[in-house]
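Working through the structure, step by step
Chain residues, written in single-letter form:
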Amino acid sequence: MGTNELSVLLWKERELLELLQFKLEEQHLLLVAGKSRWIDLATREIESVLEKVHAAGLARAVEAAGVANAWGLANDSSLAEIIESAPEGPWKEIFTAHLGALRSTSTEIASLRDANEQYLRAAYRSTQETLATLGEDSSLYGPKGSSSTQHVGAHIIDTNL
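Below is a short write-up of the structure. Everything quoted here is computed from the prediction, not taken from an experiment.

1. Examining the nonpolar core
Counting 21 residues, the largest nonpolar core has Leu 20, Leu 79 and Phe 95 as the members making the most contacts within it. Elements supplying a minimum of two residues to this core: α1 (3-33), α2 (39-70), α3 (79-84) and α4 (91-136). By residue number, the principal contributor to this core is α2, which donates 7 residues. Once you skip the residues sitting within four places of it in the chain, Phe 95 turns out to touch Thr 3, Leu 6, Ser 7, Leu 10, Trp 71, Leu 79, Ile 82 and Ile 83.

Printed below as a string of structure tokens:
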């Protein structure tokens, strides 16, 4: 346990956040292209990465608590607080770089998430409006497979059968 292990876990968390960003970008491209067939798969992939991010965050929190404790801080100290208390040496710079990258990636993820949510809400509204319009059309087939209107009139019958 220590600073080196914390740095390794921060790298892993950064990589997972970049993967999450990529998966959100994929979902965004699918939404923009109207490829709704793949949205469910993209969403499942995002959820899978989120589970891994959560697990990595827990592992990082445990390791950060050990470093904080070793440096005379409370176990629940944030990475920013750990950076402020870092002793002389390279760890302050290393952890500052990690924190900056984590914040930057998190901001980009939030932006993509919000954009995707707007697309999904718009698609949902459009679907609801379309379904409402279809419900008003009496010429469509009903749940039993028959038309709600009966066409009365001449029918062509093939007598060559």
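2. Comments concerning the packing of α1 against α2
Across the interface, α1 lies against α2 with an axial gap of 9 Å and an inter-helix angle of 165°. One way to sum up the angle between α1 and α2 is to call them roughly antiparallel. Where α1 crosses over α2, the handedness of that crossing is left-handed. In terms of residue class, the contact of α1 with α2 is built from 20 nonpolar, 4 polar and 8 charged.

3. Points about the packing of aromatic side chains
By the definition in use, this model includes 2 aromatic pairs. Consider the rings of Trp 71 and Phe 95, whose centres lie 6.3 Å apart with planes at 50°: the pair is tilted. Remark: Phe 95 occurs in helix α4 and Trp 71 occurs in the loop between α2 and α3; sequence separation between them is 24 residues. Owing to a relative accessible area of 0%, Phe 95 belongs among the buried residues under this scheme.

4. Notes on the environment of Val 53
Mapping Val 53 onto the fold places it in helix α2. Excluding residues within four positions of it along the chain, Val 53 makes contact with Leu 16 and Leu 17.

5. Focus on the pattern of salt bridges
Under the defined criterion, the tally for this structure stands at 6 salt bridges. Taking the shortest distance from any N to any O, the salt bridge between Glu 26 and Lys 23 comes out at 3.4 Å. Within this pair, Glu 26 and its partner Lys 23 are both found in helix α1, separated by 3 residues, close to a single helical turn. Taking the relative accessible area as the measure of exposure, Glu 26 reaches 28% and is therefore partly exposed. A salt bridge links Asp 40 to Arg 44; the shortest N-O distance between them is 2.5 Å. Taken together, the residues Asp 40 and Arg 44, both in helix α2 and 4 residues apart, mark about one turn of the helix. On the accessibility criterion, Arg 44 (45% relative accessible area) is partly exposed. Through salt bridges with shared partners, a single network forms among Lys 23, Glu 26 and Glu 45.

Conventions used here
- Residues numbered from 1 in each chain as written.
- Predicted model: local features only at pLDDT ≥ 70, side-chain atom pairs only at ≥ 80, totals over all residues.
- Heavy atoms only, no water.
- Core = buried A, V, L, I, M, F, W, Y, C linked by side-chain atoms within 4.5 Å.
- Buried < 20%, exposed > 50% of the residue type's maximum accessible area, 1.4 Å probe, protein only.
- Helix = DSSP H or I, 4+ residues; strand = E, 2+ residues; numbered from the N terminus.
- Contact = heavy atoms within 4.5 Å.
- Axes fitted to C-alpha atoms, helices over the stretch in contact; angles between N-to-C directions.
- Parallel < 35°, antiparallel > 145°, perpendicular 65-115°, else oblique.
- Left-handed = near helix turned anticlockwise from the far one by under 90°.
- Nonpolar A, V, L, I, M, F, W, Y, C, P; charged D, E, K, R; others polar.
- Phe/Tyr/Trp six-rings, centres within 6.5 Å; stacked < 30°, edge-to-face > 60°.
- Salt bridge = Lys/Arg side-chain N within 4 Å of Asp/Glu carboxyl O.

Function-wise, these values are silent; they only describe arrangement.
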